[in-house]
Amino acid sequence: MFSRFSSPAVAAFALALLGAGAARAQSAPGIDVISDSLTLDGTVRSVLDANPAITTLDELANAATGRLAQTRTGFLPQVTGTATYSRIDPVVQIPLSGESFQIAPNNNYDAHITAQYLLLDFGKSSATVKLAEAQVQTAKDNVTVTRRDLAFNAAQVYYNILFMRESIRVQDAQIVSLQAHRNEMQKRVDGGVSTRFDVTTTDVRITQAQNTRIDLQNQLRNQQVQLARLLHKPAQADLPVKGRLAFQPQAEDVDAELKKAYENRPEIKLARDAETSATLQQRLIERSNMPSLGVGAQVGAKNGYLPNLNQIRPNSVGVVQLSVPIFDGNKNKNQRVEALANSRSAVARTQDTQEQIRADVRQAANNLEFSQARYENSQQQIAQATDALIRAQGRYRYGVGQNLDVLDAETQLAQARLARAQAMYNYTLGQYQLKRATGEVIWK
């Protein structure tokens, strides 16, 4: 585990990243991914292509666009065609001059076309359209947030794999060095200048190093499983990841990064979307209790006209309608109170999001600064541990040192190399944490 070669805080941080890699993964059979060696870009793109959550949110955005198109139909006339037939039995007949006079036909036919158009609604239709437009933007920003989170999860798993591989290489180097030292001591034992105790002690250290390597291999395999899950491939699938950890420091301007975050961070966009939607909802409610003026016309043909009741004759109707709400039981008044409260809540949420973004950027910048310092310190540790090992080996070779000194020096060198790998890992992830904090897109 990480605790074998790093501080508890770093171990907890790294383990949290290990678990975050596949938090949103769902099964989606039949999706192809890049099958050759996966670079970071290939890993991220393959994960985004394979995840059904993106498709779900894309379709929700399409549904919101459909609702927007529906709201715009309020600006267009509504035309309806209707044809009816009805049979009436009996019908009223009036005796007249010895004959019966029928005032309505038994068979009634009516076919007409009705056109309606809203002339004036004091901005209700316009407010409805603007609210739908805001909802479309919110749906699109939700897609962006999900793609961002999924891309960073993929990047975390990718670098976890590289970190595990680097750690295994360090352990392999330690095991090879210990075995070489053990062979040298065996020669000394065979020559009668050393005891079997030194060989046994070295064997114990070799076994401990091999156990650590087994743990690292297990963590590497688990990360491969996490990546397979993100890619929706079978857990046993061979997923070759290409690359090695590298330390590439970069200068950071916190003020510039904060400005970038306020402009690009999708969370602030979502908060502003909610603020805009709340304001538009408030305006819509304010206008929902206003009068409306509309016109309508109907043309068609029907029977039932005197004197020939069965003759189908053309007819037309024109109407102008003014609707004025008078009393709704204070419903609109209470809706306004609710909408105003929602608007104030959205403004407060935007302010809180800005504070969170500021904290995220500063924390990411701090992590980079201290990860760089740890890397530089680990480089110094490696130089010191290498010198100590050379000296311990020389002292032991000339019989003025102990085997335990050599073993301790080997362990310290391995720990220093692992600390360097941990620092490179933390710094690299810190760079992507800063990109996430500033809203920078890492997928293409």
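Being a predicted model, the structure only gives us computed values, none of them experimental.

1. Thoughts on the packing of helix H8 (residues 331-397) against helix H9 (residues 403-438)
Running from amino to carboxyl end, H8 crosses H9 at an angle of 160 degrees, the nearest separation of the two axes being 7 Å. The orientation of H8 relative to H9 falls into the category roughly antiparallel. Here H8 runs over H9; the crossing is left-handed. The residue makeup of the contact of H8 with H9, split by class, is 22 nonpolar, 15 polar and six charged.

2. Remarks on the sheet that holds strand S5 (residues 292-302)
Here we have four strands laid out as an open sheet, ordered S1-S4-S5-S6, and antiparallel in their pairing. Among the strands making up the open sheet, the edge pair consists of strand S1 (78-87) and strand S6 (313-323). Direction aside, neighbouring strands of the sheet carry axes that sit 20 degrees apart on average. As defined by bridge partners, strand S4 (residues 107-120) adjoins S5 across ten bridges and the pair is classed as antiparallel. Note that in S5 the partner of Gln 116 across the bridge is Gly 296.

3. Section: the packing of aromatic side chains
Tallied over the entire structure, the rule returns six aromatic pairs. Taken together, the ring pairs in this structure connect Tyr 158, Tyr 159 and Tyr 432 into an aromatic cluster. The ring of Tyr 396 carries Arg 188 above its face, with NZ or CZ at 4.8 Å from the centroid. Here the basic side chain of Lys 435 rests over the ring of Tyr 432, its NZ or CZ set 4.6 Å away from the ring centre.

4. Considerations on the confidence of the model for the protein
Summing up the model confidence of the protein, the mean pLDDT is 84 and the portion of residues at 70 or higher is 90%. Ranking the elements of the protein by mean pLDDT puts helix H1 (residues 8-20) last with 35 and S1 first with 94. Segment residues 1-36 is flagged for pLDDT under 50; beyond a separation of four residues in sequence, or across chains, it makes 72 contacts in the model.

5. Some details on the pattern of salt bridges
The full count for this structure, using the stated rule, is 17 salt bridges. For Glu 267, the salt bridge goes to Arg 265, with nearest N and O atoms at 2.7 Å. We classify Arg 265 as buried; its relative accessible area is 7%. Arg 358 serves as the salt-bridge partner of Glu 355, at 2.7 Å between the closest nitrogen and oxygen. Highlighted residues: Glu 355 and Arg 358, both in helix H8, separated by three residues, approximately one helical turn.

Here is what the cut-offs are and how they apply
Residues numbered from 1 in each chain as written. Predicted model: local features only at pLDDT ≥ 70, side-chain atom pairs only at ≥ 80, totals over all residues. Heavy atoms only, no water. Axes fitted to C-alpha atoms, helices over the stretch in contact; angles between N-to-C directions. Helix = DSSP H or I, 4+ residues; strand = E, 2+ residues; numbered from the N terminus. Parallel < 35°, antiparallel > 145°, perpendicular 65-115°, else oblique. Left-handed = near helix turned anticlockwise from the far one by under 90°. Nonpolar A, V, L, I, M, F, W, Y, C, P; charged D, E, K, R; others polar. Pairing = 2+ DSSP bridges. Phe/Tyr/Trp six-rings, centres within 6.5 Å; stacked < 30°, edge-to-face > 60°. Lys NZ or Arg CZ within 6 Å of the ring centre and 35° of its normal. pLDDT = per-residue confidence, 0-100. Contact = heavy atoms within 4.5 Å. Salt bridge = Lys/Arg side-chain N within 4 Å of Asp/Glu carboxyl O. Buried < 20%, exposed > 50% of the residue type's maximum accessible area, 1.4 Å probe, protein only.

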